[in-house]
Amino acid sequence: MMMFYWISLLIISFAFAGLLYRLVKGPTVADRVVALDALGVALVSIVALLSLIIGTEFFLEIILLLSILSFIGTTAFAKFIERGVIFDRNNNR
Amino acid sequence: MISTGVIFSAVTALGLVRLPDVYTRTHAASKSSTLGVMGILAGTFIHFWLIEDHFNPQLIIAIAFLFITSPVAGHLIGRASYMSGIPLAKETVRDDMKAAVEKKLDEKK
């Protein structure tokens, strides 16, 4: 069973490397933001697999925190791409 | 559970590397990575519950949160990139958003 978790971690790490390639190379800013969002999700799965391998439940609190932070970052970046500012006081589009 | 999640995460990375433009990449990233991480987290939850006898409600909250927010984030990025004028891929057949945006601009005038 432990071998299976290690192989899963290896595959996710390869996926992580592919996402890093897109993050560095991506032709536009939006490509990089998409890659960053997917990197956050991949990091969550890496933390889950690590807590399975080490056998401790203390890592599981990181998962919720990382997913919330990743979502907030992606939303802020999307707003930044669309309008050029993150906080604006004019609410009608 | 975990193998399903791993397969879907690998498919996500493949999609992000191979697909031609931003919109198809958001398609790959939002759907398959959501399903992948949900599979992995559900497997972790069941492992800790059944084998180590430790019920962890935070994992359930994390699964629900990812299920809600990941498609929303994909949609936000897609709309933002369309509004900032990033071109579609050459293979794109039709562009429904263009008509909607022009109609909205006409209403403003």
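That block above? That's the structure.
Read on for a plain summary of the structure.

Rules used in this analysis
Residues numbered from 1 in each chain as written. Chains lettered and ligands numbered in written order. Predicted model: local features only at pLDDT ≥ 70, side-chain atom pairs only at ≥ 80, totals over all residues. Heavy atoms only, no water. Helix = DSSP H or I, 4+ residues; strand = E, 2+ residues; numbered from the N terminus. Buried < 20%, exposed > 50% of the residue type's maximum accessible area, 1.4 Å probe, protein only. Contact = heavy atoms within 4.5 Å. Areas by Shrake-Rupley, 256 points an atom, 1.4 Å probe, with all protein chains shown as cover. Axes fitted to C-alpha atoms, helices over the stretch in contact; angles between N-to-C directions. Parallel < 35°, antiparallel > 145°, perpendicular 65-115°, else oblique. Nonpolar A, V, L, I, M, F, W, Y, C, P; charged D, E, K, R; others polar. Expected span 1.5 Å × (residues − 1). Buried area = accessible area lost by both parts, 1.4 Å probe. Salt bridge = Lys/Arg side-chain N within 4 Å of Asp/Glu carboxyl O. Polar contact = N/O pair within 3.5 Å; in protein donor to acceptor, adjacent residues only side chain to side chain.

**Focus on the overall build of chain B**
Move 1: Along chain B, the regular secondary structure elements total four helices and zero strands.
Move 2: Going from N to C terminus, chain B has its helices and strands arranged as α-α-α-α.
Move 3: Looking at chain B residue by residue over its 109 residues, the buried ones come to 42%.
Move 4: Of the contacts formed within chain B by residues at least 6 apart in sequence, a portion of 60% connects residues at least 24 apart.
Move 5: When the accessible surface of chain B is totalled, it reaches about 6300 Å², and 67% of it is carbon and sulfur.

**Observations concerning the overall build of chain A**
Move 1: Along its length, chain A carries three helices and zero strands.
Move 2: When the helices and strands of chain A are listed from N to C terminus, the series reads α-α-α.
Move 3: Relative to its 93 residues, chain A shows a buried fraction of 41%.
Move 4: Counted over contacts in chain A with a minimum sequence separation of 6, partners at least 24 positions apart contribute 43%.
Move 5: Roughly 5300 Å² of accessible area belongs to chain A as shown, and the carbon and sulfur atoms make up 74% of that amount.

**Some points on the packing of helix H2 (residues 22–50) of chain B against helix H3 (residues 57–83) of chain B**
All names here are of chain B.
Move 1: With their axes 9 Å apart at the nearest point, H2 and H3 run at an angle of 175° to one another. Taken together, the axis directions place H2 and H3 in an arrangement best described as roughly antiparallel.
Move 2: Classifying every residue of the contact of H2 with H3 gives 16 nonpolar, nine polar and no charged.

**Some remarks on helix H3 (residues 60–83) of chain A**
Move 1: Between the first and last C-alpha of H3(A) there are 36 Å, a value that for 24 residues agrees with the 34 Å anticipated at 1.5 Å per step.
Move 2: Within H3(A) the residues assigned to the buried category are Leu60(A), Ile63(A), Leu64(A), Ser67(A), Ser70(A), Thr74(A), Ala78(A) and Ile81(A).
Move 3: Each element contacted by the buried residues of H3(A) is listed here: helix H2 (29–54) of chain A together with H2 and H3 of chain B.

**Describing the interface of chain A and chain B**
Move 1: Contact residues are listed per partner, giving 42 residues for chain A and 40 residues for chain B.
Move 2: Summing the contributions of chain A and of chain B, the shared interface buries around 3600 Å²; its carbon and sulfur component is 78%.
Move 3: At the boundary of chain A and chain B, one finds zero salt bridges.
Move 4: The interface formed by chain A and chain B contains zero residue pairs in polar contact (both at pLDDT 80 or more).
Move 5: Among the elements of the structure, helix H1 (2–25), H2 and H3 of chain A are those that each provide at least two residues to the side of chain A that touches chain B.
Move 6: Taken together, the residues of the side of chain A that touches chain B break down into 25 nonpolar, ten polar and seven charged.

The quantities given are spatial measurements derived from coordinates; they are silent on function.
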